[in-house]
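Here's the letter readout for the chains.
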Amino acid sequence: MVRSVGTMALAGLRSCCRSFGRDPFKVAFCGLLQPRWVAGCVGAKRHLLSEDVIKLQDFQQRKLAVAHLVTGSKENYIQLFTKRLQRNELIPRKELKLLLHLCQTADDVLIARDAIYRYHTDNRNLMFGEFKFGPLFVRLCYELHLESLAAATLTDENMEGFFNDATSFNITIDMLFIKGSFEKALELLRTMRAQGIPFNKDTLTLAAGTCYKLNTADSYRICTALIEEGQSRGNAVPRHAHCFAVALALRQNDVEKAQSLFSQLMITDSRLCKNLKVTILTMSGAMADAVSVLSAAVLPKSRSFVKKLDFSREVVDLLRVRSEGGPHTMEVEQAVTNLERAHQVTQQTLEDMLCHTPTGKRKPDLNMTDKTRRRNRKSHQYTLLSE
């Protein structure tokens, strides 16, 4: 059977993880601006998924609602559940859901994990159409910062088929991304591919971001293969993932590939895209074109109501260093000076721009009447454990 490009790329994840320990991060932009770039790589430990995907606040609100519905203390309920596990009793679906909503500590989560194992063993052939416990469990781990436990549970061969949704994996990978555990994140991607769980847009963004952070030859190959695979299948590759791939190509000094990837972006008017474009032009030696981009972005003071496009200090410094002593030195200095006077040069690095926290969708209007609140609360409590 012919294996897809993405499958072959992910098959090399173990070698990628092994080489990571021996191969330090390559210096960004061909050896220039090393201190700032490396500091950005170490310090930018932020998540890539929005609250619309994580839904941590919704999960915590549901936990509070469940706690009010339960009679007796949650400690007694968890102790009773422990005894049920010791007696090898069957775990009903509703009671497992209730247990997951009552967990407050790491010890509670360990009991919940054992209950999940038992539930999966007893219902392995009856899971189709069942409630998906995966996202519920990993959100609980997210709340209590138990990313290692979540990752170990998802990659356990005995649990294959239980976490059969991309959301569970995506949230866990996001946790690992926050902690800088990029090798474990790649292992989760391998598990997804091995179990036939499709990569959605969030998965592609997380995969590209993880490969970018690793910055090895293997992770570069994996990243570009995933982007190309998504395009060959006619899937829309997220711009965020595409930008990670462009930046990784630049860090690998593959300017031609960076240019090719960048040319595939449909919309390039964002701050991140403009900074990437200037970097590509600078590294390819097109100083005049880079100056044109900077000059076109300068806004007069009278247009203060217009959102200004700013450029990273490391990007303009790279242009200065590369153009020094050349025919465009004066033009570069003038363009950068104009940007500085217009307050359009930021200390944010490309790393900061790439690893940004998504804003997510707009929240609904909270100015509802008390009557509406009471009606929604009553309906919510009724359906909380039955959905």
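Residues numbered from 1 in each chain as written. Predicted model: local features only at pLDDT ≥ 70, side-chain atom pairs only at ≥ 80, totals over all residues. Heavy atoms only, no water.

Visitor: Where do I start with the pattern of salt bridges in this structure?
Guide: Side chains that differ in sign of charge can pair as their charged atoms come close. Taken as a whole, this structure holds 17 salt bridges when the rule is applied. One salt bridge connects D114 with R113, and the closest N-O pair in it is separated by 3.3 Å. Here E340 makes a salt bridge to R313, at a shortest N to O gap of 2.8 Å. Here the residue E340 occupies a position in helix α21 (residues 329-341), and R313 occupies one in helix α20 (residues 313-323), the gap between them amounting to 27 residues. Overall, R313 belongs to the buried group, its relative accessible area being 15%. By sharing partners, the salt bridges in this structure join R313, D317, R320, E333 and E340 into a single network. (Salt bridge = Lys/Arg side-chain N within 4 Å of Asp/Glu carboxyl O. Helix = DSSP H or I, 4+ residues; strand = E, 2+ residues; numbered from the N terminus. Buried < 20%, exposed > 50% of the residue type's maximum accessible area, 1.4 Å probe, protein only.)

Visitor: Can you help me understand the packing of aromatic side chains in this one?
Guide: Two numbers describe a pair of aromatic rings. These are the distance of the centres and the angle of the planes. As enumerated under the stated definition, the model contains seven aromatic pairs in all. Look at F162 and F163: their rings are 5.0 Å apart centre to centre, the planes differ by 75 degrees, and that puts the pair in the edge-to-face class. Under the relative-accessibility criterion, F162 is labelled buried at 4%. With 5.5 Å between their ring centres and 45 degrees between their planes, Y212 and F244 make a pair best called tilted. In this pair, Y212 sits in helix α14 (residues 201-214) while F244 sits in helix α16 (residues 239-251), placing the two residues 32 residues apart along the sequence. Ring pairs connect the aromatic residues Y119, F133, F137, F162 and F163, which therefore count as one cluster. Of note, R193 hangs over the ring of F199, and the distance from its end group to the ring centre comes to 4.7 Å. A cation sits over an aromatic face here: R251 above Y212, 4.6 Å from the ring centre. (Phe/Tyr/Trp six-rings, centres within 6.5 Å; stacked < 30°, edge-to-face > 60°. Lys NZ or Arg CZ within 6 Å of the ring centre and 35° of its normal.)

Visitor: Hey, could you run me through helix α10 (residues 134-143) in this one?
Guide: Given 3.6 residues to a turn, an α-helix orients residues that are three or four positions apart in the same direction. When you tally the buried positions in α10, you get nine out of ten residues, the bulk of the element. Within α10, the full set of buried residues consists of G134, P135, L136, F137, V138, R139, L140, C141 and Y142. Looking at the buried side of α10, the elements it contacts are α5 (51-54), α6 (56-69), α8 (93-102), α9 (106-122), α11 (147-155) and α12 (166-179). (Contact = heavy atoms within 4.5 Å.)

Visitor: It is not clear to me how α16 should be interpreted in this structure. Could you clarify?
Guide: Taking 1.5 Å as the rise per residue, α16 with 13 residues should run 18 Å; its terminal C-alpha atoms sit 18 Å apart, in good agreement. The complete set of buried residues in α16 reads H240, A241, H242, C243, F244, A245, V246, A247, L248, A249, L250 and R251. One or two positions beyond α16, positive phi appears at N253, with a value near 60 degrees. (Expected span 1.5 Å × (residues − 1).)

Visitor: Quick question: what am I supposed to make of the packing of α11 against helix α13 (residues 182-194) here?
Guide: In a packed pair of helices, the relevant descriptors are the angle between the two axes and the axis-to-axis distance. Packing of α11 against α13 brings their axes to within 10 Å, and their N-to-C directions diverge by 25 degrees. The angle between the axes of α11 and α13 places the two elements in the roughly parallel class. The chirality of how α11 crosses α13 is left-handed. The residues of α13 that touch α11, namely those facing S148, A151, L154 and T155, are K184, L188 and T191. (Axes fitted to C-alpha atoms, helices over the stretch in contact; angles between N-to-C directions. Parallel < 35°, antiparallel > 145°, perpendicular 65-115°, else oblique. Left-handed = near helix turned anticlockwise from the far one by under 90°.)

Visitor: Mind showing me how you'd approach the nonpolar core here?
Guide: What tends to happen in soluble globular proteins is that the nonpolar side chains get buried as a cluster. Core analysis: the largest hydrophobic core is formed by 110 residues, its most contacted members being L96, L100, L276 and F311. Not counting residues within four places of it along the chain, the set of residues in contact with L96 comprises F81, I91, A115, I116, Y119 and F133. (Core = buried A, V, L, I, M, F, W, Y, C linked by side-chain atoms within 4.5 Å.)

Visitor: Sorry if this is basic, but what is going on with the confidence of the model for the chain here?
Guide: In regions of low pLDDT, the predicted coordinates are not meant to be interpreted in detail. The pLDDT averaged across the chain works out to 82; a share of 77% of its residues lies at or above 70. Scored below 50 in pLDDT, residues 1-7 makes eleven contacts in the model with residues more than four places away or belonging to other chains. Considering only residues more than four positions removed or in separate chains, one finds that residues 13-45, a stretch of pLDDT under 50, has 70 contacts. (pLDDT = per-residue confidence, 0-100.)

Visitor: Even after reading the chapter, I still don't get unusual backbone geometry, so can you show me in this structure?
Guide: A negative phi holds for most residues other than glycine; trans holds for most peptide bonds. Positioned with a positive phi, K55 is a non-glycine residue whose angle comes to about 55 degrees. Checked against the element boundaries, K55 lands in the loop between α5 and α6. One non-glycine residue, H343, lies in positive phi territory at about 60 degrees. Note on placement: H343 falls in the loop between α21 and β2 (345-346). By relative accessible area, which is 68% here, H343 ends up exposed.

Visitor: Before we go on, may I ask you to explain the packing of helix α15 (residues 217-232) against α16 in this structure?
Guide: In the contact formed by α15 and α16, the axes pass within 10 Å of each other and the chain directions differ by 140 degrees. Both α15 and α16 take part in a crossing whose hand is left-handed. Between α15 and α16, the contacting residues are S219, Y220, C223, I227 and Q231 on the first element and A241, H242, A245, L248 and A249 on the second. For the contact of α15 with α16, the class distribution of residues is seven nonpolar, three polar and no charged. (Nonpolar A, V, L, I, M, F, W, Y, C, P; charged D, E, K, R; others polar.)

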